[in-house]
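Chain and residue survey
One-letter residues, chain by chain:
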There are 2 protein chains.
Amino acid sequence: MTILSLHATNPLVDGRQSEKALLVRRGMQALLADLRHVALPEVPLSSGRRADMLSLSEKGEIWIIEIKSSVEDFRVDRKWPDYRAHCDRLFFATHPDVPADIFPEEAGLFISDGYGAHLLRDAPEHKLPPATRKALTLGVARLAAARLTHAERMLGPLPGGGPEEG
Amino acid sequence: MTILSLHATNPLVDGRQSEKALLVRRGMQALLADLRHVALPEVPLSSGRRADMLSLSEKGEIWIIEIKSSVEDFRVDRKWPDYRAHCDRLFFATHPDVPADIFPEEAGLFISDGYGAHLLRDAPEHKLPPATRKALTLGVARLAAARLTHAERMLGPLPGGGPEEG
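Residues numbered from 1 in each chain as written. Chains lettered and ligands numbered in written order. Predicted model: local features only at pLDDT ≥ 70, side-chain atom pairs only at ≥ 80, totals over all residues. Heavy atoms only, no water.

Another aspect to go through is the pairing of strand β1 (residues 38-44) of chain A. Counting buried positions along β1(A) yields seven of seven residues, so the element is predominantly enclosed. Between the antiparallel neighbours β1(A) and strand β2 (residues 50-56) of chain A lie five residues, among them A:G48 with a positive phi of about 95 degrees. (Buried < 20%, exposed > 50% of the residue type's maximum accessible area, 1.4 Å probe, protein only. Helix = DSSP H or I, 4+ residues; strand = E, 2+ residues; numbered from the N terminus. Pairing = 2+ DSSP bridges.)

A:L40, A:I64, B:L40 and B:I64 are the most contacted members of the largest nonpolar core, which has 66 residues in total. Setting aside its immediate chain neighbours within four residues, B:I64 contacts B:L45, B:A51, B:M53, B:L54, B:Y83, B:H86, B:C87, B:R89, B:L90 and B:F91. (Core = buried A, V, L, I, M, F, W, Y, C linked by side-chain atoms within 4.5 Å. Contact = heavy atoms within 4.5 Å.)

With that settled, consider the environment of A:S70. All names here are of chain A. Checked against the element boundaries, S70 lands in the loop between β3 (62-67) and α3 (71-75). Judged by its relative accessible area of 27%, S70 falls in the partly exposed class. Along the primary structure S70 and S46 are separated by 24 residues, whereas in three dimensions their C-alpha atoms are 27 Å apart.

Helix length check: helix α4 (residues 130-155) of chain A, at 26 residues, gives a terminal C-alpha distance of 37 Å against a target of 38 Å (1.5 Å per residue), a fit within 8%. Counting buried residues in α4(A) gives 19 out of 26 residues, a clear majority hidden from the surface. (Expected span 1.5 Å × (residues − 1).)

A word on the sheet that holds strand β4 (residues 89-94) of chain A. Taken in spatial order, the six strands line up as β1-β2-β3-β4-β5-β6 (chain A) in an open sheet, and their pairing is mixed. Each of the sheet's edge strands pairs with one partner strand only, and the pair in question is β1 and β6 (117-121) of chain A. Between one strand axis and the next, the sheet turns by 30 degrees as a mean value, whatever way the strands run. Across four bridges, β4(A) lies against strand β5 (residues 108-112) of chain A in parallel orientation. Bridge pairing in β5(A) links A:F92 to A:L109. Across the face of the sheet, α4(A) comes into contact with β1, β2 and β3 of chain A while running at roughly 95 degrees to β1(A). Those strands touched by helix α4 (residues 130-155) of chain B are β1 and β2 of chain A, and its axis lies near 90 degrees from that of β1(A). (Axes fitted to C-alpha atoms, helices over the stretch in contact; angles between N-to-C directions.)

Residue and element names in this part refer to chain B. Tallied over the full model, the rule gives 14 aromatic pairs over all chains. Look at W63 and F91: their rings are 4.8 Å apart centre to centre, the planes differ by 55 degrees, and that puts the pair in the tilted class. Here W63 is found in strand β3 (residues 62-67), whereas its partner F91 is found in strand β4 (residues 89-94), with 28 residues between them in sequence. With a centroid separation of 5.1 Å and an interplanar angle of 55 degrees, the aromatic rings of F74 and F103 are classed as tilted. One end of the pair, F74, is in helix α3 (residues 71-75); the other, F103, is in the loop between β4 and β5 (108-112), with 29 residues separating them in the sequence. Assessed through its relative accessible area of 10%, F74 is described here as buried. (Phe/Tyr/Trp six-rings, centres within 6.5 Å; stacked < 30°, edge-to-face > 60°.)

Moving on to unusual backbone geometry. Residues and elements named next belong to chain A. Here the phi dihedral of E42 falls at roughly 50 degrees; this positive angle occurs in a residue that is not glycine. Within the fold, E42 resides in strand β1. Among the residues examined, E42 registers a relative accessible area of 3% and is labelled buried.

How two helices pack is summed up by the angle between their axes together with the distance between the axes. For the pair α4(A) and α4(B), interaxial distance at closest approach is 8 Å and the crossing angle is 35 degrees. Note on packing geometry: the crossing formed by α4(A) with α4(B) is left-handed. Along the contact surface, α4(A) presents A:T137, A:L138, A:V140, A:A141, A:A144, A:A145, A:R147, A:L148 and A:L155, while α4(B) presents B:T137, B:L138, B:V140, B:A141, B:A144, B:A145, B:R147, B:L148 and B:L155. In terms of residue class, the contact of α4(A) with α4(B) is made up of 14 nonpolar, two polar and two charged. (Left-handed = near helix turned anticlockwise from the far one by under 90°. Nonpolar A, V, L, I, M, F, W, Y, C, P; charged D, E, K, R; others polar.)

A separate point is the pattern of salt bridges. Taken as a whole and judged by the stated rule, the model has 18 salt bridges over all chains. A:E61 is the partner of A:R89 in a salt bridge, and the nearest nitrogen-oxygen pair spans 2.8 Å. Of this pair, A:R89 sits in strand β4 while A:E61 sits in the loop between β2 and β3, placing them 28 residues apart in sequence. The exposure classification of A:R89 matches that of A:E61, with both residues buried. The residue B:E105 makes a salt bridge to B:R121 at a minimum N-O spacing of 4.0 Å. Highlighted residues: B:E105 in the loop between β4 and β5 and B:R121 in strand β6 (residues 117-121), separated in sequence by 16 residues. (Salt bridge = Lys/Arg side-chain N within 4 Å of Asp/Glu carboxyl O.)

All we've got here are geometric facts, nothing functional implied.
Here it is in structure tokens:
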């Protein structure tokens with residue numbers, strides 16, 4: 001259940017994500033900050049899949065949020081239940097143009113408008129085994145720190161966290 | 001033993017660190033990458049102090065590396081043993097102009113020249129209690145992810161991690 005690689009490319013840079021997906025992500029980032037979760041995008045998992053967003057609560061609860069920017073985007077994903085093995089709760093996040101009723105009852109659902117998001121359906125909890133949580137938390141710490149170090153090497157000093165930060 | 005604040009300002013930006021200290025830090029970053037540790041600078045600890053660098057190994061071992069850029073910089077620090085409560089090994093790091101013999105035998109010592117660093121004295125191991133390690137790893141994950149989110153909000157897309165990254 002460890003994270004496989006620290007070398008993930010940033011999806012904002014390599015252009016693999018649609019503008020709609022980025023809009024959903026921005027709104028989710030705002031909501032997650034309100035909930036005092038911190039979120040990391042594009043987290044590679046031991047299964048070989050990649051979580052669109054993985055968030056950590058103050059108490060260490062782990063959520064995965066899969067962003068679906070269109071009906072088609074959801075329809076082609078037949079393996080979404082696999083994400084459950086890597087989080088305590090699994091959510092989809094989409095925007096108001098996608099019909100909410102295409103999403104399964106077995107996962108939570110957020111609707112994001114790019115400025116914020118709201119919870120339409122809560123997600124059932126399936127608590128991670130302690131060893132999995134430990135490995136995943138360590139993996140997230142190493143991935144986030146490696147990305148920071150890399151960004152600083154490329155860009156020079158980064159701005160510090162401001163008081164608006166969750 | 002949790003990390004107190006996600007709102008730390010970046011020392012590279014606010015000018016509190018000397019050029020010598022930044023040189024030591026750069027060399028240490030290179031060595032830590034070789035050791036497959038990831039490092040985060042300026043990590044606030046539950047004691048109210050702030051670690052100059054905290055690193056995480058692949059297995060989750062936690063090191064604190066205190067950077068001392070001058071004899072005076074070390075002499076004024078009477079509380080360095082306190083850092084032991086927050087790591088598995090404690091090191092000082094300095095540069096070749098500072099006499100190595102001023103540093104205590106009870107901590108490890110790295111000498112950094114800005115491009116790399118070498119280990120002059122290994123540090124004794126004092127393994128963290130599991131609950132402390134868990135809280136600290138979660139705190140590092142949340143701190144690093146919050147800094148990334150903040151930097152992205154300020155700067156726009158950051159470059160992804162490249163293959164040279166540890």
